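Results of the structural survey
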Amino acid sequence: LNQVHDTTVLLQLQLASSQNKLLRAEVSFQMWLTWMSLAGLVGSIFGMNLHSGLEWEAASPIHTTEGDPSWAFVEILIGTVAGTAIGGVLT
């Protein structure tokens, strides 16, 4: 009778360990999705028809009106990707 109780306790501990692993995976997946949605938020804010001053600069460093390269789009893109990657890794 004591051996059956010990086996039951061992099985419950194994099931609890498996449940904790699944919960940890779910939380990390949700955190990763949160970081990805924050990256999408940055893109959607700059994609709106708001006047931020960046709409007068070219969207690529090649085509500009003044002749000087404009790196505003590239800087925002690199910052967003780097922030998302760092946030995802730290999660």
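Cut-offs applied
Residues numbered from 1 in each chain as written. Predicted model: local features only at pLDDT ≥ 70, side-chain atom pairs only at ≥ 80, totals over all residues. Heavy atoms only, no water. Helix = DSSP H or I, 4+ residues; strand = E, 2+ residues; numbered from the N terminus. Buried < 20%, exposed > 50% of the residue type's maximum accessible area, 1.4 Å probe, protein only. Areas by Shrake-Rupley, 256 points an atom, 1.4 Å probe, with all protein chains shown as cover. Polar contact = N/O pair within 3.5 Å; in protein donor to acceptor, adjacent residues only side chain to side chain.

**With respect to the overall build of the protein chain**
- Scanning the protein chain from terminus to terminus reveals 2 helices and 0 strands.
- The burial tally for the protein chain puts 8% of its 91 residues in the buried class.
- When the accessible surface of the protein chain is split by element, carbon and sulfur atoms take 69% of a total near 7,600 Å².

**Some thoughts on the environment of Leu33**
- Of note, Leu33 is situated in helix 1 (residues 2-47).
- Owing to a relative accessible area of 40%, Leu33 belongs among the partly exposed residues under this scheme.
- Between the C-alpha atom of Leu33 and that of Gly88, which follows or precedes it by 55 residues, the distance is 8.7 Å.

**Description of the environment of Thr7**
- By secondary structure assignment, the location of Thr7 is in helix 1.
- At 2.8 Å, the side chain of Thr7 and the backbone oxygen of Gln3 are in polar contact.

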